[in-house]
Amino acid sequence: MEARLEAYCKKIKEIIANNKNPHTINAELSSETIQIEIDKIYHIEDRVAISTYALKLLSKEQRKELAKALIEEQVIKQRNLLSHWSTLTAQSSMIDTGYIAQHLVSLQTQIAGQGMRGKGDDLCDGSEVKGANFLDSLDKAGATAPRWNFTAVTPEIMERFLEYKAIYLLSIDHNPENNYRIRIWKVNIQEHEILRARYIEWMNKLGYPKFADTTKKPSVNFQLFPPNNGTNQNYARHGNGRQNGFEKLQIPLENTAGAELIFKAEIVNNEVIISKF
């Protein structure tokens, strides 16, 4: 790492070490990160190195406060801003859940991203992050059906799903009291017997036959539906029960081997309350 990047890391370390109140950590770090101009750091590995260094130094309470600040900025304020434009244009005010999910997972796990957008692993350890957003997601028929999509364009990519040790699933919805809620579950497909068995069934019934048709450029998409909006459900869903589809299946995301809730926040009167971190 070049000298200027080492200097950035040294300054970040000083800020984190000297922080006496976790509530102020975001403002204190912002004063320094704005000087880094991350877009001018052209080597991806240097971006990941800075992030990894900072995340490992941050305490759990500091990271929790940063997660709170991120939600306030990128969910509450962003939705309020987009709501104005949505009223004027009748365009969606939906926020980009995918990138918010990645930021929150990195703060919770202390695992940096890949330092770039686009294809590839979401976290630098090879883990995958998926987001589903019930807010402002009405379709033309007036329904909301967000899902976690796992798309593959080759059999090898499809099979790789079974090798993940960590898949992070984020859902933004409403709780039964109609407050905004954000939950993240960590799933280990190698230990989650129900999900693993369903995925193998899906590959054999739909995935491999579709890839066998070489007349087209096939792609497949394994879709998991998150817990229903406005409920306390803690399971994903797969299958529509139709004769040509898959039997309806509930896939537990908590209290089972290979799945656990690692993050939960609710927004009450514009205040972010984090109850699981």
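In case you missed it, the structure is sitting above this.
Below you will find a few notes about this structure. The structure presented is a predicted model; accordingly, all values stated were derived computationally and were not measured.

## Digging into the packing of helix 4 (residues 60-89) against helix 5 (residues 97-109)
Moving on, step 1. Taken N-terminus to C-terminus, the directions of helix 4 and helix 5 make an angle of 170°; their axes are 9 Å apart at the nearest point. As summarised for this structure, helix 4 and helix 5 are arranged roughly antiparallel, according to the angle between their axes. Residues Arg63, Leu66, Ala67, Leu70, Ile71, Gln74 and Val75 of helix 4 touch helix 5, and the partners they reach there are Ile100, His103, Leu104, Leu107, Gln108 and Thr109.
Moving on, step 2. Across the contact of helix 4 with helix 5, the residue classes tally to 8 nonpolar, 4 polar and 1 charged.

## Quick notes on the sheet that holds strand 9 (residues 271-276)
Moving on, step 1. With respect to topology, 5 strands assemble into an open sheet ordered 1-3-4-8-9, the strand pairing being mixed. What marks the edges here is a single partner per strand, and that holds for strand 1 (128-133) and strand 9. Direction aside, neighbouring strands of the sheet carry axes that sit 15° apart on average.
Moving on, step 2. Across 5 bridges, strand 8 (residues 259-268) lies against strand 9 in antiparallel orientation. Directly across from Glu266, in strand 9, lies its bridge partner Ile273.
Moving on, step 3. Along the sheet, helix 5 makes contact with strand 1, strand 3 (167-174), strand 4 (180-187) and strand 8, crossing strand 1 at roughly 130°.

## A closer look at the pattern of salt bridges
Moving on, step 1. All chains considered together, the criterion is met by 4 salt bridges.
Moving on, step 2. Residue Arg198 is joined to Glu201 by a salt bridge in which the shortest nitrogen-to-oxygen separation is 3.1 Å. You can see Arg198 and its partner Glu201 sitting in helix 7 (residues 193-212), 3 residues apart, about one turn around the helix.
Moving on, step 3. Residue classification places Arg198 among the buried positions, given a relative accessible area of 5%.

## A word on the nonpolar core
Moving on, step 1. Core analysis: the largest hydrophobic core is formed by 45 residues, its most contacted members being Leu29, Ile71, Leu104, Tyr168, Ile182, Ile184 and Phe263.
Moving on, step 2. Excluding its chain neighbours within four sequence positions, the residues that come into contact with Tyr168 are Val105, Thr109, Ile111, Leu123, Ser127, Glu128, Val129, Lys130, Ile184, Trp185, Lys186 and Ile262.
Moving on, step 3. The next biggest cluster of nonpolar side chains, apart from the first, holds 27 residues, and it includes Ala152, Tyr199, Met203 and Leu224.

## Some thoughts on unusual backbone geometry
Moving on, step 1. At Asn255, a residue that is not glycine, the phi angle is positive and equals roughly 55°.
Moving on, step 2. Mapped onto the elements of the fold, Asn255 is located in the loop between strand 7 (249-252) and strand 8.
Moving on, step 3. Even without a glycine there, the phi angle at Asn270 is positive, about 65°.
Moving on, step 4. Residue position: Asn270 is located in the loop between strand 8 and strand 9.

## A few points about the side chain of Ser171
Moving on, step 1. Its location among the elements puts Ser171 in strand 3.
Moving on, step 2. Overall, the relative accessible area of 0% leaves Ser171 in the buried class.
Moving on, step 3. Leaving out residues up to four positions away in the same chain, Ser171 has contacts with Ala132, Phe134, Trp148, Arg181, Ile182, Arg183, Trp185 and Pro226.

## What about the packing of helix 1 (residues 3-18) against helix 2 (residues 25-36)?
Moving on, step 1. For the pair helix 1 and helix 2, the least separation of the axes is 10 Å and the interaxial angle reads 170°. Between helix 1 and helix 2, the interaxial angle falls into the category roughly antiparallel. Contacts between helix 1 and helix 2 involve Tyr8, Lys11, Ile12, Ile15 and Ile16 from the first element and Ile25, Glu28, Leu29, Glu32, Gln35 and Ile36 from the second.
Moving on, step 2. In the contact of helix 1 with helix 2, the residues fall into 7 nonpolar, 1 polar and 3 charged.

## Focus: the packing of aromatic side chains
Moving on, step 1. According to the stated counting rule, one finds 8 aromatic pairs in the structure shown.
Moving on, step 2. Aromatic side chains Phe150 and Phe161 sit 4.9 Å apart centroid to centroid with 75° between the ring planes, which places their arrangement in the edge-to-face category. Of this pair, Phe150 sits in strand 2 (residues 148-152) while Phe161 sits in the loop between helix 6 (155-160) and strand 3, placing them 11 residues apart in sequence.
Moving on, step 3. Phe150 gets classed as buried once you look at its relative accessible area, which sits at 8%.
Moving on, step 4. Their ring planes at 65° and their centres at 5.2 Å tell us that Trp202 and Phe222 sit as a pair that is edge-to-face.

## A word on helix 5
Moving on, step 1. A rise of 1.5 Å per residue sets the reference length of helix 5, with its 13 residues, at 18 Å; its end C-alpha atoms lie 18 Å apart and thus fit the reference within 8%.
Moving on, step 2. Thr97, Ile100, Ala101, Leu104, Val105, Ser106, Leu107, Gln108 and Thr109 are the residues of helix 5 that are buried.
Moving on, step 3. On its buried side, helix 5 packs onto helix 3 (44-57), helix 4, strand 1, strand 3, strand 4 and strand 8.
Moving on, step 4. One or two residues past the end of helix 5 sits Gln110, with phi positive at roughly 65°.

Cut-offs and rules
The residue numbering used here restarts from 1 in each chain and proceeds along that chain's sequence as written. Selection of residues for local features in this predicted model requires a pLDDT of at least 70, selection of side-chain atom pairs for listing and counting requires 80 or more, and totals for whole chains, interfaces and linings are taken over all residues. Side-chain measures were taken over the full set of non-hydrogen atoms in the model, leaving aside hydrogen atoms and water. Axes, fitted as lines to C-alpha atoms, cover a helix only where it is in contact. Angles between the N-to-C directions of the axes lie from 0 to 180 degrees. Strands here are runs of E lasting at least two residues and helices are runs of H or I lasting at least four, both read from the DSSP assignment and numbered beginning at the N terminus. Any angle that is under 35 degrees is reported as roughly parallel, and any over 145 degrees as roughly antiparallel; angles of 65 to 115 degrees are reported as roughly perpendicular and all others as oblique. Any pair of residues with heavy atoms lying within 4.5 Å of one another is described as a contacting pair. Three residue categories are used. Nonpolar comprises Ala, Val, Leu, Ile, Met, Phe, Trp, Tyr, Cys and Pro, charged comprises Asp, Glu, Lys and Arg, and polar comprises the others, including Gly. By definition, two strands form a pair when at least two bridges between them are found by DSSP. By definition here, a salt bridge exists when the distance from a side-chain nitrogen of Lys or Arg to a carboxyl oxygen of Asp or Glu is within 4 Å. Here the term buried applies to any residue with accessible area under 20% of the maximum for its type, exposed to any over 50%, and partly exposed to those in between, with areas from a 1.4 Å probe on protein chains only. What makes a nonpolar core is a set of buried Ala, Val, Leu, Ile, Met, Phe, Trp, Tyr and Cys residues whose side-chain atoms join them at distances within 4.5 Å. Aromatic rings from Phe, Tyr and Trp, with only the six-membered ring used for Trp, were paired whenever their centres fell within 6.5 Å, and each pair was classed as stacked if the ring planes differed by under 30 degrees, edge-to-face if by over 60, and tilted otherwise. Expected span, for any helix, means 1.5 Å times one less than how many residues it has.

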